[in-house]
Amino acid sequence: MATWNSLPIELRLVVYQNLDYTDRRRPQGQDIRHKHCMTKYAAVSREWQAFFEQRNFKRLTIRQQDLEEFERIFKGYRRRWLRILWMRVQLPRYRCPECNMEETEGETGFNSSLFTSTIWKLFTILSTWDRENPLPFTLMLSVYSPSDNEHHFRTHCFGDDLKTFYMGPRLPLSDFEHGWWLGRQHAPRLEAKLRVLGKPLKFLLTRVSADPDARLPTIRLVSALVLPRQFYRRIPNVDVIIRSLPNLQDFRYEQWRPVTGRGVANAFVELRDIIQALPYKLERISIFEDFNDALHPRALHQPGEHDLISAQLLRRLSHELIDVNASFIMDGCDFFEFDLQRSWPRLELLTLTCKILRRDSLERDDLFIAAAKAAMFMPKLRMLQL
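Residues numbered from 1 in each chain as written. Predicted model: local features only at pLDDT ≥ 70, side-chain atom pairs only at ≥ 80, totals over all residues. Heavy atoms only, no water.

1. Quick notes on the overall build of the protein chain
For the record, the criterion: Per the convention used, a helix needs a DSSP run of H or I reaching at least four residues, while a strand needs a run of E reaching at least two, with both numbered from the N terminus. Each residue is placed in one exposure class: buried if its accessible area under a 1.4 Å probe, protein chains only, is under 20% of its type's maximum, exposed if it is over 50%, and partly exposed if it falls in between. By definition, residues are in contact when any of their heavy atoms lie within 4.5 Å.
When its secondary structure is counted, the protein chain shows ten helices and eleven strands. Out of the 386 residues belonging to the protein chain, those deemed buried represent 47%. Taking as baseline every contact in the protein chain between residues at least 6 positions apart, the subset at least 24 positions apart corresponds to 77%.

Take a look at the structure:
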């Protein structure tokens, strides 16, 4: 009777590939809702463990309560397998009627302490990986409360796969307390929006270090930093995080548009700090500001406001980059407002959003002329999208 070890290596690979749902060569159109967990396969034998652990550990999503187990498991050769790490900082839940009220100062202080301690511990762990994992490594950061999609914003999906969507709990069509009537949502109150967006958090490094001038531990491992928009809350002090990532080559910044004038002004200041903190090794930048009907009226569904300072900083940075994408976070017209004094020797992709393109105007021709003049100084340009 044939045993596993007696099978030719070619047949074993066929079995592995049929069980491996991370294999890109699988037939297109296969329903990923039938995806099964591969973690148990690693316990079949040493050979199976060597094959499936590399796939199981290629991408991980963890919360702050997982950090001790994460540090214990990822030692030695396993560190080489991890390519994408998504750190989701989970804040405490809230109930009704708190969902209709802005966060209190006490809540914001507690959340800031929780976020600071989590990021400090994560960076402390990853700072020891530098020499053992020379391959590209992507760090993703998010902050959320499990209650954020349990009240007014229940259609906001936190999951990044279809399994979460299809296997989630079924919700009633009507929920009058939270503005739902027969499956349709009425505009939430401003206080409800401010609750789900959260007050700006702060880094309280003095609570995790006795050094009054403490900085986050340096991580030379990370080559890409992604702040995805799956969650409404903003990551605070992104410039502080960036300064601890000296080998950063790819930066993707996705946030939700603030709902108050003060929030918009603070977002511009934060964006300027971020751009100035980016390291000289950076090659790609993508900054995006999202909006939707639940948070923003239709009149705000357009590119960002004029901000010449941010545009000038981005333009100055772009001269050394390969890919630049700034969508809905600033008016792309400002990017071409300055005199042409330098070339873009490496730039291949440039994407900007411009308010002026939403209406017929002679100013559109001026924009196209300015963009064409700039393109003449981009010898490697493959795509310019407005």
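Still more to cover.
2. Quick look at the pattern of salt bridges
The test is simple: Salt bridge, as used here: a side-chain nitrogen of Lys or Arg that lies within 4 Å of a carboxyl oxygen of Asp or Glu.
Applying the stated rule across the entire model yields 16 salt bridges. For the salt bridge of Glu-254 with Arg-229, the shortest nitrogen-to-oxygen distance reads 3.2 Å. Of this pair, Glu-254 sits in strand β7 (residues 250–256) while Arg-229 is found in the loop between β6 (224–227) and α7 (238–242), placing the two residues 25 residues apart along the sequence. For Glu-254, a relative accessible area of 18% puts it in the buried group. What emerges from the salt-bridge pattern is a single network uniting Glu-103, Asp-148 and Arg-233.

3. Focus: the nonpolar core
Basically, it comes down to this: Put simply, buried Ala, Val, Leu, Ile, Met, Phe, Trp, Tyr and Cys residues joined by side-chain atoms within 4.5 Å make one nonpolar core.
In terms of nonpolar packing, the biggest core is built from 72 residues, with Phe-70, Leu-85, Leu-139, Leu-141, Leu-225, Phe-251 and Ile-285 touching the most fellow members. Here this core takes seven residues from helix α4 (residues 105–126), the largest share from any one element. Ignoring anything within four residues of it in the chain, the contact list for Phe-70 reads Leu-60, Ile-62, Leu-82, Leu-85, Ile-125, Leu-126 and Trp-129. The next biggest cluster of nonpolar side chains, apart from the first, holds nine residues, and it includes Tyr-94, Val-196, Tyr-232 and Ala-294.

4. Side note on the environment of Gln-64
Considering the arrangement of structural elements, one finds Gln-64 in the loop between β1 (59–62) and α3 (67–73). Among the residues examined, Gln-64 registers a relative accessible area of 18% and is labelled buried. For the pair Gln-64 and Ile-119, spaced 55 residues apart in sequence, the C-alpha separation works out to 8.6 Å. In this structure, Gln-64 is in contact with Met-87, Arg-88, Val-89, Gln-90, Leu-114 and Thr-118, ignoring residues within four places of it in sequence.

5. Digging into the packing of aromatic side chains
Heads up, the condition is: By convention, a stacked pair of Phe, Tyr or Trp rings (six-membered ring in the case of Trp) has centres within 6.5 Å and planes under 30 degrees apart, an edge-to-face pair has planes over 60 apart, and any other such pair is tilted.
Overall, the coordinates contain 15 aromatic pairs when judged by the stated rule. Judged by centre distance (6.2 Å) and plane angle (70 degrees), the ring pair of Trp-86 and Phe-231 falls under edge-to-face. Separated by 145 residues along the polypeptide, Trp-86 in strand β2 (residues 84–90) and Phe-231 in the loop between β6 and α7 bring together distant segments of the chain. Phe-231 matches Trp-86 in its accessibility class, with the two residues each being buried. Grouping aromatic residues by their ring pairs yields a cluster made of Phe-57, Phe-70, Phe-74, Trp-129 and Phe-137.

6. Notes on helix α9 (residues 308–318)
Where α9 is concerned, the buried positions are Ser-310, Ala-311, Leu-313, Leu-314, Arg-315, Leu-317 and Ser-318. Contacts from the buried residues of α9 go to α8 (261–277), β8 (284–290) and β9 (323–327).

7. Comments concerning helix α10 (residues 363–375)
Going by this rule: In this scheme, a helix's expected span is set at 1.5 Å multiplied by one less than its residue total.
Look at α10: 18 Å from first C-alpha to last across 13 residues, which is about the 18 Å you get at 1.5 Å a residue. The elements touched by buried residues of α10 are β11 (383–385).

8. Some details on the pairing of β9
The side chains of a regular strand alternate between the sheet's two faces. Here is the rule we go by: By this definition, two strands are paired if DSSP reports at least two bridges between them.
Pairing geometry for β8 and β9, over five bridges, is parallel. Each residue of the ladder has a partner; that of Ser-286, found in β9, is Asn-325.

9. Thoughts on the packing of helix α1 (residues 9–19) against helix α2 (residues 46–56)
Where we set the bar: The angle between two axes is taken between their N-to-C directions and runs from 0 to 180 degrees, where each axis is a line fitted to C-alpha atoms and a helix contributes only its stretch in contact. Roughly parallel refers to an angle under 35 degrees, roughly antiparallel to one over 145, roughly perpendicular to one between 65 and 115, and oblique to any angle outside these ranges. Note on convention: the crossing is left-handed when the near helix lies turned anticlockwise from the far helix by less than a right angle, right-handed when the turn is clockwise. Note that Gly is not counted as nonpolar here; it falls among the polar residues with everything else outside the nonpolar set of Ala, Val, Leu, Ile, Met, Phe, Trp, Tyr, Cys and Pro and the charged set of Asp, Glu, Lys and Arg.
The interhelical angle for the contact between α1 and α2, taken along N-to-C directions, is 50 degrees, at an axis separation of 12 Å. Between α1 and α2, the angle is such that the two are oblique. Considering the relative orientation of α1 and α2, their crossing is right-handed. Contacts between α1 and α2 involve Arg-12, Tyr-16 and Leu-19 on the former and, on the latter, Glu-47, Trp-48, Phe-51 and Phe-52. Broken down by class, the residue content of the contact of α1 with α2 amounts to five nonpolar, no polar and two charged.

10. A look at the pairing of strand β3 (residues 138–144)
Most of β3 sits out of view: seven of its seven residues are buried. For β2 and β3, the ladder comprises seven bridges, and the chain directions are parallel. Residue pairing across strands places Ile-84 opposite Thr-138, the latter belonging to β3. Pairing geometry for β3 and β6, over three bridges, is parallel. For Leu-139, the partnering residue across the bridge sits in β6 and is Leu-225.

11. A closer look at the packing of α8 against α9
As a packed pair, α8 and α9 sit with axes 9 Å apart at the nearest point and diverge in direction by 15 degrees. One way to sum up the angle between α8 and α9 is to call them roughly parallel. Crossing of α8 over α9 shows left-handed handedness. Between α8 and α9, the residues in contact are Phe-268, Leu-271, Arg-272, Ile-275 and Gln-276 and Ile-309, Ser-310, Leu-313, Leu-314 and Leu-317, respectively. Its residues placed into classes, the contact of α8 with α9 shows seven nonpolar, two polar and one charged.

12. Here's the deal with the sheet that holds β3
Taken together, nine strands build an open sheet; the order of strands is β1-β2-β3-β6-β7-β8-β9-β10-β11 and the sheet is parallel. In the strand order of this sheet, the two ends are held by β1 and β11, each with one partner. With strand direction ignored, the average angle separating the axes of adjacent strands in the sheet is 10 degrees. Pairing of β1 with β2, which is carried by four bridges, proceeds in the parallel orientation. Bridge assignment links Leu-60 to a residue of β2, and that residue is Leu-85.

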